[in-house]
Amino acid sequence: MMRRPTPMSELFSWHRAAIAGINPPVHEGDPQMGWYKSRLVRGGPFVTARIWIKREICMVTGKLETPEEFTCTVNGQIRDPYREWVWLANNPITKEAYTELSMLHDQVPAMKATRVSINLSEKAMRP
Amino acid sequence: MNDLSNTPIGHNKGPAFNEEVVNDFTTKARDFADAAGDWKEIGKIETEEQAQKANDFLAGARKLLKEVDDRRKLEKQPYLDGGRDVDAAFNKIKDLIDRAAKMVKPLAETFLREKEARERAEREKAERKAREDAERAAEEQLAAEARNDVAGQQDAEEKAKAADQAAADAAKFTSAKVSSATGGGSTQSLRTVKTATIKTMNSAMLHYRDAPEMSELVLRLANAEVRRAKGETVTIPGIEITEVRKL
């Protein structure tokens, strides 16, 4: 039986509630679509992370052609969304903040070393 | 040829710190100072993103400050250790001399006190005698006047003058002195030392109420009490406690 795609509003509902400060429940193994920030090491710089749904929708019928699959990247690397979910759930961010964080990595040299503690004393942060 | 006879020990050693480290820290500090100028120029922080960056600036400044201070302590430590060694060596000698002097000082003090007491007694005796001589001279003066004895009056006047002089000499306060045996030491005498002790705290505090040190002390005690309360409400008579939210 062909399934209808899950509506975007439903897919983003958890993330929307989290950004609004409502503290929706976090269930292990139940990743939620959205934008997040994380660290690769303790004390390391923030890196961008994203969970989204990979799916194919029939242009004619509007129904799913493949099952909906969660996909995740952390710092641009593909990761298992089910394993990463519990850590990412702590730091949901808006799409704008996700973009800004990506840009910050280009602006702040200290952020390039994502696997070492970030040393803010090396170079002053500017506005 | 240069005369180096007045130059101190170690004058040619160079700075007491690692110049390269100091230069590196100076560069970083200047970067922070320059960045602070950029922050000041924006006037007001309007966005969450800017606030987060400002937070990182402050965190970086705090970290750099700690790094600089830790290094300062490290560079200074050998000199502190050296200073302590020098002090230990010389203080041991000073202590020995101190102890020796402390053994003899009470003996000298006791002698001077006794000498002063003796001299005071002699002075009082001389004063009494001078008073009696003056009274006798006055009586002789009167008797000579009654007899129309000019020579007798003259004698009595001279005796009265001598008695006055003796009284004046005896009244001069002098502390007992002990001079040097060899001439190498100075003459020593007792000195009066006055020290205060508190008899009534309230009266004493009232007396010093307007002294700036008094308000500094009271504020120090009050602030220490506020800190000890760790956020709990504290009431201190005469003290107003204000709350300010700070970073």
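Residues numbered from 1 in each chain as written. Chains lettered and ligands numbered in written order. Predicted model: local features only at pLDDT ≥ 70, side-chain atom pairs only at ≥ 80, totals over all residues. Heavy atoms only, no water.

## A look at helix α4 (residues 95-107) of chain A
Residue and element names in this part refer to chain A.
So, step 1. Helix length check: α4, at 13 residues, gives a terminal C-alpha distance of 19 Å against a target of 18 Å (1.5 Å per residue), a fit within 8%.
So, step 2. Buried residues of α4: Y98, L101, L104 and H105, and no others. An end-on view of α4 places all buried positions within 115 degrees of arc, on one side of the element. Among the exposed residues of α4, those pointing more than 90 degrees away from its buried face are E96 and D106. (Helix = DSSP H or I, 4+ residues; strand = E, 2+ residues; numbered from the N terminus. Expected span 1.5 Å × (residues − 1). Buried < 20%, exposed > 50% of the residue type's maximum accessible area, 1.4 Å probe, protein only. Arc of directions from axis to C-beta.)

## Some words on the sheet that holds strand β2 (residues 46-54) of chain A
Residues and elements named next belong to chain A.
So, step 1. With respect to topology, 5 strands assemble into an open sheet ordered β4-β3-β2-β1-β5, the strand pairing being antiparallel. This sheet does not close on itself; its edge strands, each paired only once, are β4 (77-79) and β5 (92-93).
So, step 2. Across 2 bridges, the pairing between strand β1 (residues 34-39) and β5 is antiparallel. Along β5, the bridge assignment pairs Y36 with P92.
So, step 3. Its contacts with the sheet put α4 on β1, β2 and β5, and the angle it makes with β2 is roughly 135 degrees. (Pairing = 2+ DSSP bridges. Contact = heavy atoms within 4.5 Å. Axes fitted to C-alpha atoms, helices over the stretch in contact; angles between N-to-C directions.)

## Observations concerning the interface of chain B and chain A
So, step 1. On the chain A side, the residues contacting the 17 residues of chain B number 12 residues.
So, step 2. Across the interface of chain B and chain A, roughly 1400 Å² is buried in total on both sides, 55% from carbon and sulfur atoms.
So, step 3. Between R126(A) and D34(B) there is a salt bridge whose closest N-O contact spans 2.9 Å.
So, step 4. Across the chain B-chain A interface, the total number found is 9 residue pairs in polar contact (both at pLDDT 80 or more).
So, step 5. Counting residues per element, the side of chain B that touches chain A draws most heavily on helix α2 (residues 48-147) of chain B, which supplies 9 residues.
So, step 6. Broken down by class, the residue content of the side of chain B that touches chain A amounts to 7 nonpolar, 1 polar and 9 charged. (Buried area = accessible area lost by both parts, 1.4 Å probe. Salt bridge = Lys/Arg side-chain N within 4 Å of Asp/Glu carboxyl O. Polar contact = N/O pair within 3.5 Å; in protein donor to acceptor, adjacent residues only side chain to side chain. Nonpolar A, V, L, I, M, F, W, Y, C, P; charged D, E, K, R; others polar.)

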